[in-house]
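Coordinate inspection notes
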Amino acid sequence: MTDTSIIDEICRLLAPHNPKGIALSAETDIPKELNIDSVGVLDFIMEVEDTFDIEIPMNVVAETHTIGDLVKVVEARIRKG
């Protein structure tokens with residue numbers, strides 16, 4: 001998968017968490033700009049894991065803030081297999 005396809009898929013998964021219709025980009029800070037609480041973030045991360053068939057450890061989730069950060073994590077986890 002390319003960066004663009006991963007970003008597109010992540011943005012699609014974020015749509016239900018973006019009721020204000022904020023323009024999403026690699027620089028978007030997921031919890032801050034979208035006002036997603038910790039439970040919402042965990043639900044979203046589970047959707048990402050299911051979509052890309054990966055597992056993201058909680059310590060990595062805690063360090064992941066922007067869509068760009070998440071793309072890097074997804075790419076690394078896909079490569080890791």
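The structure this text deals with has already been given above.
A quick note: this is a predicted structure, and the numbers were derived from the prediction, not measured.

Scoring rules and cut-offs
Residues numbered from 1 in each chain as written. Predicted model: local features only at pLDDT ≥ 70, side-chain atom pairs only at ≥ 80, totals over all residues. Heavy atoms only, no water. Helix = DSSP H or I, 4+ residues; strand = E, 2+ residues; numbered from the N terminus. Rg over C-alpha atoms; globule rule 2.2 N^0.38 Å. Buried < 20%, exposed > 50% of the residue type's maximum accessible area, 1.4 Å probe, protein only. Contact = heavy atoms within 4.5 Å. Areas by Shrake-Rupley, 256 points an atom, 1.4 Å probe, with all protein chains shown as cover. Polar contact = N/O pair within 3.5 Å; in protein donor to acceptor, adjacent residues only side chain to side chain. Salt bridge = Lys/Arg side-chain N within 4 Å of Asp/Glu carboxyl O. Expected span 1.5 Å × (residues − 1).

1. Things to note about the overall build of the protein chain
- Each helix and strand in the protein chain was counted, giving five helices and zero strands.
- Secondary structure elements in the protein chain, listed N-terminal to C-terminal, are α-α-α-α-α.
- Its C-alpha radius of gyration of 12 Å places the protein chain within 12% of the 12 Å reference for a compact globule of 81 residues.
- On the principal axes, the C-alpha backbone points of the protein chain span a range of 35 × 25 × 20 Å.
- Looking at the 81 residues of the protein chain, the share that counts as buried comes to 40%.
- When contacts within the protein chain are restricted to residue pairs at least 6 apart in sequence, long-range pairs at least 24 apart make up 55% of them.
- Carbon and sulfur atoms make up 53% of the accessible area of the protein chain, which totals about 5000 Å².

2. Overview of the side chain of Thr66
- Mapped onto the secondary structure, Thr66 falls in the loop between helix 4 (58-62) and helix 5 (67-80).
- Accessibility expressed as a relative area gives 18% for Thr66, which makes it buried.
- A polar contact is formed between the side chain of Thr66 and the backbone nitrogen of Asp69, at a distance of 3.0 Å.
- The contacts of Thr66, once residues within four sequence positions are left out, are Ala26, Glu27, Thr28, Asp29 and Ile30.

3. Points about the pattern of salt bridges
- Counting across every chain of the model gives one salt bridge.
- Residue Arg12 pairs with Glu9 through a salt bridge whose shortest N-O separation is 2.5 Å. Of the two residues, Arg12 and Glu9 are both situated in helix 1 (residues 3-14); the distance of three residues between them amounts to about one turn of the helix.

4. Section: the environment of Pro31
- Summarising the element assignment, Pro31 is placed in helix 2 (residues 30-34).
- When neighbours within four sequence positions are excluded, Pro31 is seen to be in contact with Ile36, Val41 and His65.

5. Concerning helix 1
- The end-to-end C-alpha distance of helix 1, which contains twelve residues, comes to 16 Å, matching closely the 16 Å that a straight helix rising 1.5 Å per residue would cover.
- Every buried residue of helix 1 is accounted for by Ile6, Glu9, Ile10, Cys11, Leu13 and Leu14.
- Where helix 1 is buried, its residues contact helix 2, helix 3 (38-52) and helix 5.

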